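The primary structure of each chain is shown beneath.
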Amino acid sequence: MNLVISGRNIDITEGLRSAVEEKIGKLERYFNDSTEVNVTLSTEKNRQKIEVTIPMKGNIIRAEETSTDMYVSIDLVEEVIERQLRKYKNKLIDKEQNAKQLSQAFIDEDVFEEEEIEIIRSKRFAIKPMDPEEACVQMELLGHNFFVFRNADTDEVNVVYKRKSKSYGLIEPEY
């Protein structure tokens, strides 16, 4: 496993580097030697953030954690990545997909029970044609984080969503 550590608005000290290598290094048993793990540390005001991205065949394992202490963020992100890897492993085994990025020892471990997805509520509603700006206004009026609408220009179903940075995103289908 190749660990690539970078920093945004922060100098990567030896203490931080060794903490990342120690915690994220625990994940090494899950990967082959050629797997690249990108770790980005950043600081903004009083928030210490770590982002871990692991490109896999056809998927990306990604997690980010933010706290007031970078070492706490590092601990938290390691747990999230490990949980995601176990789910990914179950998915690979269920679909009998190719798992070249994962180590054979990890694949041979007992499969953990996957959490069952339970839909507790469903809604039906008419989708009104509108432009993305109007959809953002509707989303704000409803107090939701996303809004599904029919784009008046393309006549396709789109989704607008609110980002953490208080800006908006638009998801359009790609064929």
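Computed from a predicted structure; not experimentally measured.

Peer 1: Looking at this model, I keep getting lost on the overall build of the chain. Mind explaining?
Peer 2: Check the secondary structure of the chain and you find four helices and eight strands. Shown N-terminal to C-terminal, the secondary structure of the chain runs as helices and strands in the order β-α-β-β-β-α-α-β-α-β-β-β. Evaluated residue by residue, the chain yields a buried proportion of 31% over its 175 residues. Taking all contacts inside the chain whose residues are at least 6 apart in sequence as the whole, residues at least 24 apart take part in 39%. In the structure as shown, the chain presents an accessible area of about 12,000 Å², 48% of it carried by carbon and sulfur atoms.

Peer 1: Got a minute to help me understand the pairing of strand 7 (residues 157-162) in this structure?
Peer 2: Looking down a regular strand, the side chains alternate between one sheet face and the other. In the sheet, strand 6 (residues 146-151) pairs with strand 7 via five bridges, with the strands oriented antiparallel. Considered in strand 7, the bridge of Val148 is made with Val159. The loop that links strand 6 with its antiparallel partner strand 7 comprises five residues; one of these, Asp155, has a positive phi angle of about 60 degrees. Sheet topology places strand 7 next to strand 8 (residues 168-171); four bridges connect them, and they run antiparallel. Across the sheet, Val160 pairs through a bridge with Leu170, a residue of strand 8. As consecutive antiparallel partners, strand 7 and strand 8 are separated by five residues, and within that stretch Lys166 has a phi angle of approximately 70 degrees, a positive value.

The rules behind each value
- Residues numbered from 1 in each chain as written.
- Predicted model: local features only at pLDDT ≥ 70, side-chain atom pairs only at ≥ 80, totals over all residues.
- Heavy atoms only, no water.
- Helix = DSSP H or I, 4+ residues; strand = E, 2+ residues; numbered from the N terminus.
- Buried < 20%, exposed > 50% of the residue type's maximum accessible area, 1.4 Å probe, protein only.
- Contact = heavy atoms within 4.5 Å.
- Areas by Shrake-Rupley, 256 points an atom, 1.4 Å probe, with all protein chains shown as cover.
- Pairing = 2+ DSSP bridges.

That's the geometry; what it means functionally is another story.
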